[in-house]
Amino acid sequence: MAYTIPKLKDYSAAALENAAAECMAACKAEGAQVRSDSDLKLFRDRWMARKNGILTQINDLWLKGAPKEAKRETGIRVNELKARIAELVEAAHVGGSADALTAERVDVTLPGIQRRIGAEHPVIKTSHEIVSVFQKLGYSVAEGPVVETDYYNFESLNFPPNHPARDTQDTLFIAGQQSKPQRERLLLRTHTSPVQIRTMEKMRPPIRIVIPGKVHRNDPPDASHSPMFHQIEGLAVDTNITFGDLKGTLDHAMKALFGSNVKTHFRPSFFPFTEPSAELYVTCFICGGSGKRGSDPCRPCKQTGWIEVLGCGMVDPNVFEFVKDNGYDPKKVSGFAFGMGVDRLALLKYGVDDIQLFFQGDVRFLQQFA
């Protein structure tokens, strides 16, 4: 039968002692019946709840109901009882009177829980493959800050002051920069090219570097655009470097990435930091350059048989002028640079039709590439 708090008529020391003993015995008995976490919660609430717990009832029925002359002695007894009951309730555990250490023991001989090893994200995997190709050609890996200044991102790369890329519609600028000089304003880099200038400031020629990293542009997200994406750029500077060196390097790299049967094709283009500039196309590695997949048109190459993979060109002499004092005299050295979007190459490689799938973190999608 559940214990209920009796009303006291006798407030003598003996009567208070007997009532307290009965209360403690009832608490111990109920604690011994605890067999589950839910039992333990009910037990604690029954005795310790602030509104209607037994300890609250003891205070209301015994202490408040005591005659004036017995208030002091009753208060002492009630406080002692409440402390001892609280200790009993806090000591209770699942398993009743069984020893706590026995109830919580762990068999250390049981096999552990094996943690599943993750896999590289398809974009990161593609990036590592590209970097590996150029490392085998003797290129070093260089990195730089994602938050850049206007000087490194635009000015030192031969972007004129009125170039559209400097507009907030194309570039994400850090807020509160209006009071600074133009070249010191901070922004999220729009390409990894600033690392080229930073590296040339630190290292004298010859250099050969490849630069992977995240970049940001003010593009609304859709199936082929994202405000954050990944790029890999390369830079080679030495004496007597020609456009033929650029073509040979990229032709070898594309064959290493997409297969030895892939052919390359260069078309004239324009970039502020290279002159002459070109876009590199490779024969579609999905349809083999035919423009068709069986009887259906090949969508990745738009039935042309060619896929644009990167932009490239010979480093503009105006860029070397910014690092001329560190050995990059445009009359003595020359070089080439190239840059490619890793995310779009991953789209082509894995046959994905929406770039947003790479960034949404859906495990079901990512597990396909593990």
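Note: the structure precedes this text.
Residues numbered from 1 in each chain as written. Predicted model: local features only at pLDDT ≥ 70, side-chain atom pairs only at ≥ 80, totals over all residues. Heavy atoms only, no water.

Participant: With reference to specific residues and values, describe unusual backbone geometry.
Facilitator: Generally, phi is negative for residues other than glycine and the peptide bonds are trans, each holding for most cases. Across the junction of Pro205 and Pro206, the peptide omega takes the value 5 degrees, indicating a cis bond. The topology assignment puts Pro206 in the loop between α8 (194-202) and β4 (207-216). Residue Glu275 is joined to Pro276 through a cis peptide bond whose omega torsion reads 0 degrees. Mapped onto the elements of the fold, Pro276 is located in strand β7 (residues 274-283). Even without a glycine there, the phi angle at Asn158 is positive, about 70 degrees. Taking the relative accessible area as the measure of exposure, Asn158 reaches 22% and is therefore partly exposed. Of note, Gln303 is a non-glycine position whose phi angle comes to about 65 degrees, a positive value. (Helix = DSSP H or I, 4+ residues; strand = E, 2+ residues; numbered from the N terminus. Buried < 20%, exposed > 50% of the residue type's maximum accessible area, 1.4 Å probe, protein only.)

Participant: Got a sec to walk through the packing of aromatic side chains? Specific residues and values, please.
Facilitator: Under the criterion given, the structure shown has twelve aromatic pairs. Aromatic pair Phe134 and Phe338: ring centres 4.8 Å apart, planes at 25 degrees, arrangement stacked. Here Phe134 is found in helix α6 (residues 122-135), whereas its partner Phe338 is found in strand β11 (residues 334-341), with 204 residues between them in sequence. Just as Phe134 is buried, Phe338 falls in that class too. Between Tyr151 and Tyr152, the ring centres sit 5.0 Å apart and the planes meet at 80 degrees, which makes this aromatic pair edge-to-face. Summarising the burial analysis for this pair, Tyr151 and Tyr152 share the class buried. An aromatic cluster of at least three residues, connected via ring pairs, comprises Phe154, Phe159, Phe271 and Phe273. Taking NZ or CZ as reference, Arg198 lies 4.0 Å from the ring centre of Tyr152, over its face. Cation over ring: Arg267 sits above Tyr281, and NZ or CZ is 4.0 Å from the ring centre. (Phe/Tyr/Trp six-rings, centres within 6.5 Å; stacked < 30°, edge-to-face > 60°. Lys NZ or Arg CZ within 6 Å of the ring centre and 35° of its normal.)

Participant: Kindly report on the nonpolar core, identifying the contributing residues and their values.
Facilitator: One finds Phe134, Leu250, Val309 and Leu310 to be the most contacted residues of the largest nonpolar core, which totals 42 residues. Sorting the residues of this core by element identifies α6, β5 (228-238), α9 (243-258), β7, β10 (306-315), β11 and α11 (342-350) as the ones contributing at least two each. What Val309 contacts, discounting residues up to four positions off in sequence, is Met254, Phe258, Leu280, Val282, Met340, Gly341 and Leu345. Core analysis: the second largest hydrophobic core is formed by 26 residues, Cys27, Leu40, Phe43 and Val78 among them. (Core = buried A, V, L, I, M, F, W, Y, C linked by side-chain atoms within 4.5 Å. Contact = heavy atoms within 4.5 Å.)

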